[in-house]
Amino acid sequence: GAVVSQHPSWVICKSGTSVKIECRSLDFQATTMFWYRQFPKQSLMLMATSNEGSKATYEQGVEKDKFLINHASLTLSTLTVTSAHPEDSSFYICSASRRGSNQPQHFGDGTRLSIL
Amino acid sequence: EDKVVQSPLSLVVHEGDTVTLNCSYEVTNFRSLLWYKQEKKAPTFLFMLTSSGIEKKSGRLSSILDKKELFSILNITATQTGDSAIYLCASWGGSNYKLTFGKGTLLTVNP
């Protein structure tokens, strides 16, 4: 149980393109979803927390106009990287919290984003 | 600001060796300490520790938490090449009950 699916797993696109990443909880309702970014050889950094039906809470230093988060349903959150540039190239990981789980969050497999 | 510090940052051992990975934390509203293994994809859950002094064990891996000293260790005995990965420690807590990750320990197990 507690499967989180993230799509796509890998994206390569040109600078200036906007990229949408989807995060779905497949077998549970996720009231809260989290988006992380991980640069090579670094740890996971929380970008934002999103609660279903309300605006996301962004961490300090993360541009909310650049990284648009939508959590329109209890099973789907999306992260859109708008007008992506090479410095946005990173590994983006979502997670979802499930009430009653023995873990605070269940992670998706991540999306590797490369901006040329 | 919540902080999680792991050591060492990298470690190279031979198959069969035993390793100990360290994690210290400073977190407000601490709830739990978690260990994850990360290979090429997203982290895989290993342990969640909430109580001090109670060892959690899964096969060759074990972990324990010291809430007085704000410290946890992850032990791996009889290491195998498949144990090569980044091991991440994370605290669960803070003002928004979020996960704060350490930088990880890169473990390389050579045959």
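In short, a report on the structure.

Moving on, we get to the interface of chain A and chain B. Taken residue by residue, the interface counts 17 residues in chain A and 16 residues in chain B. Roughly 1,400 Å² of surface becomes buried between chain A and chain B when both sides are summed, with 61% attributable to carbon and sulfur atoms. Looking at the side of chain A facing chain B, the largest losses of area belong to S43, P104 and F107 of chain A, adding up to 33% of the total buried there. Across the salt bridge formed by E59 of chain A and K98 of chain B, the nearest N and O atoms sit 2.7 Å from each other. Between the two partners, chain A and chain B, sit four residue pairs in polar contact (both at pLDDT 80 or more). Listed by contribution, the elements that provide at least two residues to the side of chain A that touches chain B are β4 (32-38) and β9 (90-96) of chain A. The class makeup of the residues in the side of chain A that touches chain B is seven nonpolar, seven polar and three charged.

Looking now at a nonpolar patch on the surface. Residue and element names in this part refer to chain A. Residues W10, I12 and L116 make up a contiguous nonpolar surface patch of about 400 Å² in total accessible area. Topologically, W10 is positioned in strand β2 (residues 10-13). The class of W10 is exposed, set by a relative accessible area of 58%.

This part takes up the pattern of salt bridges. All names here are of chain B. This model, assessed by the stated rule, comprises seven salt bridges over all chains. In this structure, E26 engages K3 in a salt bridge whose closest nitrogen and oxygen atoms are separated by 4.0 Å. Of the two residues, E26 is situated in strand β3 (residues 19-26) and K3 in strand β1 (residues 3-7); the sequence distance between them amounts to 23 residues.

Our next topic: the side chain of T82 of chain A. All names here are of chain A. With respect to the helices, strands and loops of the structure, T82 is situated in the loop between β8 (76-81) and β9. By relative accessible area, T82 is classed as buried at 18%. Side-chain polar atoms of T82 contact the backbone oxygen of D65, separated by 3.2 Å. T82 has contacts with T17, S18, D65, K66 and L68, leaving out every residue within four places of it along the chain.

The next subject is the pairing of strand β8 (residues 71-76) of chain B. Residues and elements named next belong to chain B. Where β3 lies against β8, six bridges are found, and the strand directions are antiparallel. The residue of β8 that forms the bridge with V19 is I76. The pairing of strand β7 (residues 61-66) with β8 spans six bridges and is antiparallel. Following the sheet pairing, D66 is matched in β8 by F71. With antiparallel pairing between neighbouring strands as the criterion, β7 and β8 make up a hairpin whose turn holds four residues, including L70 at a positive phi of roughly 60°.

Scoring rules and cut-offs
Here the residue index of a chain counts from 1 through its sequence in written order. Note on labels: chains are lettered from A, ligands numbered from 1, in written order. Given that this is a predicted model, residues contribute local features only at a pLDDT of at least 70 and side-chain atom pairs are listed and counted only at 80 or more, while totals for whole chains, interfaces and linings are drawn from all residues. Calculation of side-chain values draws on the structure's entire complement of heavy atoms; hydrogens and water are dropped beforehand. Throughout, a contact is declared for two residues whenever any of their heavy atoms are within 4.5 Å. As a working definition, buried area equals the accessible area (1.4 Å probe) given up by two parts on being put together, with both sides summed. We define a salt bridge as a contact between a side-chain nitrogen of Lys or Arg and a carboxyl oxygen of Asp or Glu at a distance within 4 Å. Here a polar contact is taken to be a pair of N or O atoms separated by no more than 3.5 Å, where protein atoms must pair a possible hydrogen donor with a possible acceptor and residues adjacent in sequence count only if both atoms sit in side chains. Put simply, DSSP marks the helices as runs of H or I at least four residues long and the strands as runs of E at least two long, and each gets a number from the N terminus on. Three classes are used, and their members are as follows: Ala, Val, Leu, Ile, Met, Phe, Trp, Tyr, Cys and Pro are nonpolar, Asp, Glu, Lys and Arg are charged, and the others, Gly among them, are polar. Two distance rules govern patches: like charges are joined within 9 Å, and nonpolar side chains (Val, Leu, Ile, Met, Phe, Trp, Tyr) within 5 Å, applied only to residues with over 30% relative accessible area and no salt bridge. Only the protein chains shown count as cover for residues, with accessible areas throughout obtained via the Shrake-Rupley method and a probe of 1.4 Å. A simple rule labels every residue: compare its accessible area, found with a 1.4 Å probe on the protein chains alone, to the largest value its type can have, and call it buried under 20%, exposed over 50%, or partly exposed in between. Should DSSP find at least two bridges between two strands, the strands are regarded as paired.

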